[in-house]
Structure formats: C-alpha cells, structure tokens
Amino acid sequence: NTFNDKNDSLIPKDHKDVVSVLLKFRNNLHLLAEYTLRPLPAIYKQAVYFAVYGWMLMGISANQNTTHYKDANEEGSNIVMIILLGFPVYGILMYMLIFSWLKVATILNNPYGNDCYDISLVTVLDYNIWKSSVY
C-alpha cells in the first residue's frame, strides 16, 4: 500500500504551493471577467467630463493676472503686452495635464479598441479561465 505510507502524501508541499498560486491566478482572471461584464455606467464618465470642463471654464477666468492689466492702462502700453502678461500659462499647463489624464483614462477603459481587428478581451479571458479550470 503506497498510499498508507506516512512519507508519501497525495500532493507534496511544493505542488501545493504551485496549485495555490494557480488558483489565485484563476480567481483573479474570474474577477477581471466579471468586471468586463459590468462596466461603469456612462453617467459617471459624463459627470467627470462635465466637472472638469466646468472647473476649466471657471479657472480660465480666475487664473488671469489682472494686476498687469491695471499697470498697463496707467502707462499706456500696447494690447500685445497686456495679453502676454495676463496670459495664464500655469493654468493652461495644468489643464493640459488634466485633460491628458482624462484621455488616458478613456483609452484605458477599453485598451484593445472596438474594431473588428482588435482583440476581444472577454473572449480571451473566458478561454483562459476555461483553460485554467481544465488542467
């Protein structure tokens, strides 16, 4: 009876470690597949865009430096200097950064695209989950 020996167990310790890692990987794949089946509602994306655009419109008027405009009126400077000194460079750079984050978030929402040539992530995940459960 090889199964009754105390030195022989059904699954060695090393194999249990490998199996536990594979089970964790399979569970994570399952969670990812569940996430793709229930995406965030579109209203969340629209609310974030509305808030950022509203913040940008308020910030553009708030970031303008009006002290240079007052000084230029007293000295009789030309309009080009008034525009250059009052232009909100820091605000524009900040808005560019935030809008690029929004663009990256939109791309990361569906990184493989919606074309007929793109990878269907749900199909690939289902196949990998099935494959990990068979072995």
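Heads up: the structure comes first, above all this text.
Reading the values: the criteria
- Residues numbered from 1 in each chain as written.
- Predicted model: local features only at pLDDT ≥ 70, side-chain atom pairs only at ≥ 80, totals over all residues.
- Heavy atoms only, no water.
- Helix = DSSP H or I, 4+ residues; strand = E, 2+ residues; numbered from the N terminus.
- Buried < 20%, exposed > 50% of the residue type's maximum accessible area, 1.4 Å probe, protein only.
- Contact = heavy atoms within 4.5 Å.
- Areas by Shrake-Rupley, 256 points an atom, 1.4 Å probe, with all protein chains shown as cover.
- Axes fitted to C-alpha atoms, helices over the stretch in contact; angles between N-to-C directions.
- Parallel < 35°, antiparallel > 145°, perpendicular 65-115°, else oblique.
- Left-handed = near helix turned anticlockwise from the far one by under 90°.

### What about the overall build of the protein chain?
Looking only at helices and strands, one finds 6 helices and 0 strands in the protein chain. Traced from its N-terminal end to its C-terminal end, the protein chain shows the element sequence α-α-α-α-α-α. By the burial criterion, 11% of the 135 residues in the protein chain qualify as buried. The long-range share in the protein chain, meaning contacts at least 24 apart out of those at least 6 apart in sequence, stands at 73%. For the protein chain, the exposed surface amounts to about 11,700 Å²; the carbon and sulfur share of it is 65%.

### Here's the deal with the packing of helix H1 (residues 13-37) against helix H6 (residues 121-134)
At their nearest, the axes of H1 and H6 sit 10 Å apart, and the two run at 150° to each other. When the axis of H1 is compared with that of H6, the two are roughly antiparallel. The element H1 and its partner H6 pack so that their crossing is left-handed. Residues Arg26, Leu29, His30, Leu32, Ala33 and Thr36 of H1 lie in contact with H6, whose contacting residues are Leu121, Val122, Leu125, Asp126, Asn128, Ile129, Ser132 and Ser133.

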